[in-house]
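Structural overview
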Amino acid sequence: MIHQRYKTQFQLYPYARVPAQDAETPARHPVVIVGGGPIGMALALDLGPRGTPVLVLDDHDGVGMGSRAICFAKRTLEICDRLGVGQAMVDKGVQWNLGRVFRGEEEIYEFNLLPEEGHRRPAFINLQQPYFERFIVEAIFEAQAKGAPIEIRGQNQVTEMERHDDHVVLTVDTPDGPYVL
Ligand SMILES: Cc1cc2nc3c(=O)[nH]c(=O)nc-3n(C[C@H](O)[C@H](O)[C@H](O)COP(=O)(O)OP(=O)(O)OC[C@H]3O[C@@H](n4cnc5c(N)ncnc54)[C@H](O)[C@@H]3O)c2cc1C
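Report follows, based on the coordinates. What you see is a predicted model, and the numbers here were worked out from it, not measured in a lab.

Describing a nonpolar patch on the surface
- A cluster of nonpolar side chains, namely Val101, Ile108 and Tyr109, defines an oily patch on the protein surface of about 280 Å² accessible area.
- Along the chain, Ile108 falls in strand S8 (residues 106-112).
- Take Ile108: its relative accessible area is 48%, and that puts it in the partly exposed class.

So, the state of the cysteines
- Scanning the model with the defined rule gives zero disulfides in all.
- No disulfide involves Cys71; its sulfur sits 14 Å from the nearest other cysteine sulfur, which is in Cys80.
- According to the relative accessible area criterion, Cys80 is buried, its value standing at 4%.

A short note on the pairing of strand S12 (residues 168-173)
- Taken together, the six bridges between strand S11 (residues 157-163) and S12 define a ladder with antiparallel strand orientation. Within S12, the residue paired with Glu160 across the bridge is Thr171.
- Linking two consecutive strands that pair antiparallel, namely S11 and S12, is a turn of four residues.
- Pairing geometry for S12 and strand S13 (residues 179-180), over two bridges, is antiparallel. When the sheet's bridge partners are listed, Val172 is paired in S13 with Tyr179.
- Following S12, the chain reverses through five residues before pairing antiparallel with S13; Gly177 in that reversal takes a positive phi of roughly 100 degrees.

Reading the values: the criteria
- Residues numbered from 1 in each chain as written.
- Predicted model: local features only at pLDDT ≥ 70, side-chain atom pairs only at ≥ 80, totals over all residues.
- Heavy atoms only, no water.
- Patch = residues over 30% accessible without salt bridge, like charges linked within 9 Å, V, L, I, M, F, W, Y side chains within 5 Å.
- Areas by Shrake-Rupley, 256 points an atom, 1.4 Å probe, with all protein chains shown as cover.
- Salt bridge = Lys/Arg side-chain N within 4 Å of Asp/Glu carboxyl O.
- Helix = DSSP H or I, 4+ residues; strand = E, 2+ residues; numbered from the N terminus.
- Buried < 20%, exposed > 50% of the residue type's maximum accessible area, 1.4 Å probe, protein only.
- Disulfide = S-S within 2.5 Å.
- Pairing = 2+ DSSP bridges.

This is the structure we're talking about:
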């Protein structure tokens, strides 16, 4: 049984048994991404639509409630734009460029993080990380519908990794027990 470190906020990819779990010979994949956080999912969305088959193994079955980030910077939004998800982030988030520091009622400092004109995106948006991750996963679903070779396996936790010259062997735990890739 796999240990879940936090509750799921958006259950997007429930556990489903796959034929690889019953295969006599472990399946081979050119790219396996361990962990379906923002980085893993963004990488899947970057590679899959270009035709590289990607398998994402995440120990949760969706986006977790362990919300951490609340501010996303312009550079992050530019990367999201490249992946086709920037607009969803900006529409949901609160945009800001100006920071103001108060001591009691008195404003003691002000800083503008985007003093130049002409930038497409604001210096920052405030957005809860679960939404940030959900928009990326939803874009993966859209890409999958268009044929992008991306597979996400929820409640698949990598417990062991063994390196070889031309491949890596992963042991993956699931609610039905472990299997090897
Ligand atoms: C308190 C706090 C505040 C933050 N605030 C901000 C902010 O305001 N702005 C900002 O940009 N960033 C912020 N960050 C940083 C941001 O949250 C991280 O950079 C981001 O979550 C990293 O993404 P990741 O995909 O690398 O890792 P994670 O988000 O940690 O995702 C990793 C995923 O992999 C899964 N996983 C782990 N091990 C395995 C395994 N063996 N098998 C299968 N799955 C596995 C995990 O359960 C998780 O789903 C903050 C971080 C913290 C802690």
